Amino acid sequence: LGALASELLGWAPHGGARLAQDDLLWKPPGAKGVGFHADAHYISDQFERSVGEGKHSSVSLTVWIALDDVDEENGSLEYAVGSHVWAREASRQPSTFFAKGDDVRAPARRMAAAAGVELDLRTVTMRAGCAVFHHEHVLHGSGPNRSHTRPRRALGVHLMRRDVTFRLEPAPDYIYGRYVIRGERQPREDFFPVTWSPRHHPGCAR
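This write-up is about the structure you can find in this document. (Residues numbered from 1 in each chain as written. Predicted model: local features only at pLDDT ≥ 70, side-chain atom pairs only at ≥ 80, totals over all residues. Heavy atoms only, no water.)

**Regarding helix α1 (residues 2-9)**
Every buried residue of α1 is listed here: G2, A3, A5 and S6. All buried residues of α1 lie within an arc of 165 degrees about the axis, which places them on one face of the element. For α1, the secondary structure elements touched by its buried residues are β1 (17-27), β4 (60-66), β9 (152-161) and β11 (194-196). At the C-terminal side of α1, G10 shows a positive phi close to 70 degrees. (Buried < 20%, exposed > 50% of the residue type's maximum accessible area, 1.4 Å probe, protein only. Helix = DSSP H or I, 4+ residues; strand = E, 2+ residues; numbered from the N terminus. Arc of directions from axis to C-beta. Contact = heavy atoms within 4.5 Å.)

**Digging into unusual backbone geometry**
The step from E169 to P170 runs through a cis peptide bond, and the omega angle for that step is -10 degrees. With respect to the helices and strands, P170 occurs in the loop between β10 (165-166) and α4 (174-177).

**Side note on the pattern of salt bridges**
Evaluation of the coordinates by the stated rule reveals 11 salt bridges. The closest approach of N and O atoms between R150 and E73, which form a salt bridge, is 2.7 Å. Pair noted here: R150 is in the loop between β8 (140-142) and β9 and E73 is in the loop between β4 and β5 (77-80), with a separation of 77 residues, a long-range link. Among the residues examined, E73 registers a relative accessible area of 39% and is labelled partly exposed. Note that D163 and R161 form a salt bridge whose closest N and O atoms lie 2.7 Å from each other. For D163, a relative accessible area of 24% corresponds to the partly exposed category. Here the salt bridges share partners, and the residues they tie into one network are D71, E73 and R150. (Salt bridge = Lys/Arg side-chain N within 4 Å of Asp/Glu carboxyl O.)

**Quick word on the sheet that holds β1**
The sheet built from five strands is open, its strands ordered β7-β4-β9-β1-β11 with antiparallel pairing. Unpaired on one side and paired on the other, β7 (131-135) and β11 mark the two borders of the sheet. Strand-to-strand twist across the sheet, computed as the mean angle between neighbouring axes with direction ignored, equals 35 degrees. As paired elements, β4 and β7 share five bridges and run antiparallel to each other. Across the sheet, residue W64 finds its bridge partner in β7, namely V132. (Pairing = 2+ DSSP bridges. Axes fitted to C-alpha atoms, helices over the stretch in contact; angles between N-to-C directions.)

**A closer look at the packing of aromatic side chains**
A complete count under the given rule lists six aromatic pairs for this structure. Ring geometry for F47 versus Y176: centroids 5.3 Å apart, planes at 75 degrees, classification edge-to-face. On the criterion of sequence distance, the pair formed by F47 in strand β3 (residues 47-48) and Y176 in helix α4 is long-range, its members being 129 residues apart. Residue Y176 is classed as buried on the basis of its relative accessible area, which comes to 1%. Through a chain of ring-to-ring contacts, three or more aromatic side chains come together here, namely F47, F166, Y176, Y179, F191 and F192. (Phe/Tyr/Trp six-rings, centres within 6.5 Å; stacked < 30°, edge-to-face > 60°.)

**Looking at the sheet that holds β8**
Read across the open sheet, the four strands follow the order β2-β8-β5-β6; overall the sheet is antiparallel. Of all strands in the sheet, those with a lone pairing partner are β2 (34-37) and β6 (121-124), marking the two edges. On average, each strand axis in the sheet is inclined to that of its neighbour by 20 degrees, with strand direction left out of account. Relative to β8, β5 is paired through three bridges, and the arrangement is antiparallel. Counted as the bridge partner of E78 is G141 from β8.

Remember that the coordinates give geometry; whether it matters functionally is a separate question.
Here is the structure:
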């Protein structure tokens, strides 16, 4: 996964990829949907880019791996097409994962209106074992699980560029802040293991 992420986003010159966090996502029958959001606010923005880079350089990527067959009945993923470009500023703001009522798309509509673009949503159905890679700024969410018997389980793997450093001000939020060692800026490999590097796996990514 680290090799694929590095090839997609050009991370080889930056040392490759490391694991930021992984999540087991369980949506049992009857569970509500997840409001549209972008992962950058919760992951990438906890770190700083290299000197001279723009604030929009891509330093994280999410791999969403289906553990069950996923369709509209049990809560498939939905993406706002092109939002990794037009919603970059808006997507840096926190969104409510569990939206009020059942309107999980409300944040996406609000950000699209602010950007002056027409919202184009795509639903992704998947078989168990398949995976989708998405950009840190892309808006995404999922509908409720309307099935009476089928859970929707998935593994979320968040990868980040190897050379990132913890931000100073403000300090990283509660998830990443607990791993900051006083006097150190570089994430420790025992907390954030390197999954691919061009030095040790030169043939895995271009």
